[in-house]
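Structural description and commentary
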Amino acid sequence: MNVIQTKLLDKLKESLKAVLPIMGIVLLLSFTIAPMPSGILLLFLFGGLLLIVGMMCFNLGAEQSMTPMGERVGTKLAASGHLGVTLALCFLLGFIITVSEPDLQVLAGQVPSIPNMTLILTVAAGVGIFLVIAMLRMLFSHALAPMLLVFYAAVFVLAMFVPDSFLAVAFDSGGVTTGPMTVPFIMALGIGFASVRSDRHAEDDSFGLVALCSIGPILSVLILSLLFDASGSSYTSAEIPDIQNSVELWHYFAEGFPEYIREIALSLLPIVLFFAVFQLAALKLNRRTIVKIAIGLAYTYAGLVLFMTGVNVGFMPAGNYLGQIIAALPYRWILIPLGMIIGFFIVKAEPAVYVLMGQVEEITSGAIPGRAMGLSLSFGVAASVGIAMLRVLTGIPILWFLIPGYAVALLLSLFVPKIFTAIAFDSGGVASGPMTATFLLPFAMGACEALGGNVVQDAFGIVAMVAMTPLITIQILGAVYRFRAQRAEETGAVSAPVSYLDRLADDDIIEL
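Residues numbered from 1 in each chain as written. Predicted model: local features only at pLDDT ≥ 70, side-chain atom pairs only at ≥ 80, totals over all residues. Heavy atoms only, no water.

1. Looking at the environment of L402
- Structurally, L402 can be placed in helix 16 (residues 399-412).
- Considering only alpha carbons, one finds L402 and F171, 231 residues apart in sequence, at a separation of 9.3 Å.
- Setting aside residues up to four positions removed in sequence, L402 forms contacts with F156, F171, A464, M465 and M468. (Helix = DSSP H or I, 4+ residues; strand = E, 2+ residues; numbered from the N terminus. Contact = heavy atoms within 4.5 Å.)

Laid out in structure tokens, this is it:
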């Protein structure tokens, strides 16, 4: 068995572990308290199959193409010495990658109050500006925590003057921007930038780009809300497909494939063209490396087409219908525990999560294990979906949760090793990917419709909640590691992971 086949088998195992639990939960609900029409159930099952194969191909492709492309571009830009050109290219990169992001297009299609292209271009500009800010932070070695405090203070001050119909959409846009297209490239770009520095905090600073790039869309959409008149717009209920047989099932997916083949091609094209021009002008990589990247891009493309078709065509209708049925039950409070269970497992199916976990393990030489990160993310997302379902049931304003949640996260950033703060705020953007936009959001929208609530104010915001809670859980993980490091120093029992973390932590931690 060659190397590619071995890697594909490993990625297939990862995909099965990620997708099968959520499929099992939905099947269990459909056979017990939430009966689903056979057509929607078949759509869900076939979508799940595409999801598994798509994740397998995407994870392999991102590892072979997006990551090395980002690292090489980042290294070359950081070493060029032309600050103005570097920052202009960073803005351009942030803009074109965001316009290409499938998650953002999914969200824009579900927001009734803002034209799709207006929202997409506004969000893209926000990401471009904050990618420039993130690169300046890395080049000049500024601490991340104070910047987060300043920018989130600006976000919440501005939020006080924004119409309620825009608040949830603004915070959701920060979560969906950092999806499967953006995260691998931007994180690798950060690693490339950090590689030109030789100080002891360079590796710490390679994280945090996703965190800052998640703030840009929130601020830009909040500013848009002060200029944009959305009066007269209204939410239109999603149409649940009526599938009668297997032939109609196939036709339904066959109609979706060309759309996502074209959409993902347009999404990847700007990145490929940028890299091609950069290769000819500056990189000059050898032929073998280019061929390997090209093969990786083919896997990435095929994986994203299958993944996006599966989640949009198969998972979105199932999520919406499931939310409607469960919310109509006499014991509608069950939405909260069921949402928490779904949230715990669904984050494992986010493709960008595996990219982040892999890069964290690589950068820290295993000191921060992927399994611990995965559990922290799962508990965080479970809590956030539970809170989102509580909002659907009660209509509590989203700021009542976001303000104290971010206050706790920012307070924790003052006490935990700074690498954990950067990883935590990166994780928030990574956790809120296409599975959140195409299953959890329709689930909340369906439940809100059944309850007669305000969909725009009460259902939207679930992406923002999913992006918030990992900031707390990952930093709690950091506090645990700090405590272990101090105990190890006191007892003299030094282990490799603890001593490594000690080296990466702030200056007040004793060197082991």
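Now that the structure is up, let's keep going.
2. Remarks on helix 6 (residues 144-159)
- The end-to-end C-alpha distance of helix 6 is 22 Å, a good match for the 22 Å that 16 residues give at a rise of 1.5 Å each.
- Along helix 6, the residues that are buried comprise L144, A145, M147, L148, F151, Y152, V155, F156, L158 and A159. Seen end-on, helix 6 carries its buried residues on one side only, within an arc spanning 160°. When the buried face of helix 6 is taken as reference, the exposed residues oriented beyond 90 degrees from it are V150 and V157.
- Tucked into the core, helix 6 has its buried residues touching helix 5 (116-140), helix 7 (164-176), helix 10 (209-227), helix 16 and helix 17 (418-431). (Expected span 1.5 Å × (residues − 1). Buried < 20%, exposed > 50% of the residue type's maximum accessible area, 1.4 Å probe, protein only. Arc of directions from axis to C-beta.)

3. A word on the state of the cysteines
- What the rule picks out here adds up to zero disulfides.
- The thiol of C213 is not disulfide-bonded; the next cysteine sulfur, from C90, is found 9.5 Å away. (Disulfide = S-S within 2.5 Å.)

4. Digging into the packing of helix 7 against helix 20 (residues 462-491)
- Contact pair helix 7 / helix 20: the axes reach a minimum separation of 7 Å and the direction vectors enclose 55°. One way to sum up the angle between helix 7 and helix 20 is to call them oblique. At the point where helix 7 passes helix 20, the crossing takes the left-handed sense. For the pair formed by helix 7 and helix 20, the contact residues are F171, D172, G175 and V176 on the first element and I462, V463, A464 and A467 on the second. (Axes fitted to C-alpha atoms, helices over the stretch in contact; angles between N-to-C directions. Parallel < 35°, antiparallel > 145°, perpendicular 65-115°, else oblique. Left-handed = near helix turned anticlockwise from the far one by under 90°.)

5. Quick notes on the pattern of salt bridges
- For the structure on display, the rule yields two salt bridges.
- The shortest N-O distance in the salt bridge between E63 and K7 comes to 3.7 Å. Taken as a pair, E63 in helix 2 (residues 38-79) and K7 in helix 1 (residues 3-30) lie far apart in primary sequence, 56 residues in all.
- For E63, a relative accessible area of 40% corresponds to the partly exposed category.
- For K7, a relative accessible area of 26% gives the class partly exposed.
- Residues E63 and K11 are paired through a salt bridge, measuring 3.0 Å at the closest nitrogen-oxygen approach. You can see E63 sitting in helix 2 and its partner K11 sitting in helix 1, a full 52 residues away along the chain.
- The exposure class assigned to K11 is buried, which follows from its relative accessible area of 11%.
- Connected through salt bridges with shared partners, the residues K7, K11 and E63 form a single ionic network. (Salt bridge = Lys/Arg side-chain N within 4 Å of Asp/Glu carboxyl O.)

6. A look at the environment of A372
- Tracing the backbone shows A372 in helix 15 (residues 370-394).
- C-alpha of A372 to C-alpha of L477: the two residues are 105 residues apart in sequence and 8.0 Å apart in space.
- Setting aside residues up to four positions removed in sequence, A372 forms contacts with L477 and Y481.

7. Observations concerning the environment of T75
- With respect to the element layout, T75 can be found in helix 2.
- Its relative accessible area of 30% is what places T75 among the partly exposed residues.
- For T75 and L189, which are 114 residues apart along the polypeptide, the C-alpha to C-alpha distance reads 7.6 Å.
- Among the polar contacts listed, one links the side chain of T75 to the backbone oxygen of E71, at a separation of 2.8 Å. (Polar contact = N/O pair within 3.5 Å; in protein donor to acceptor, adjacent residues only side chain to side chain.)

8. Observations regarding the packing of aromatic side chains
- Counted by the stated rule, this structure contains 15 aromatic pairs.
- Relative to F379, the ring of F344 lies with its centre 5.3 Å away and its plane at 70°, an arrangement referred to as edge-to-face. In this pair, F344 is assigned in helix 13 (residues 335-346) and F379 in helix 15, connecting sequence segments 35 residues apart.
- Residue classification places F344 among the buried positions, given a relative accessible area of 18%.
- Ring pairing ties together the aromatic residues Y152, F156, F171, Y406 and F425, which thus form one cluster. (Phe/Tyr/Trp six-rings, centres within 6.5 Å; stacked < 30°, edge-to-face > 60°.)

9. Overview of a nonpolar patch on the surface
- A surface patch of nonpolar side chains, amounting to about 740 Å² of accessible area, comprises V157, M160, F161, I223, L226, L227 and I403.
- Per element, the largest residue contribution to the nonpolar patch is three residues, and it comes from helix 10.
- Residue placement: F161 occurs in the loop between helix 6 and helix 7. (Patch = residues over 30% accessible without salt bridge, like charges linked within 9 Å, V, L, I, M, F, W, Y side chains within 5 Å. Areas by Shrake-Rupley, 256 points an atom, 1.4 Å probe, with all protein chains shown as cover.)

10. With respect to unusual backbone geometry
- Unlike most non-glycine residues, K284 shows phi in positive territory, near 55°.
- Along the chain, K284 falls in the loop between helix 11 (246-283) and helix 12 (287-327).

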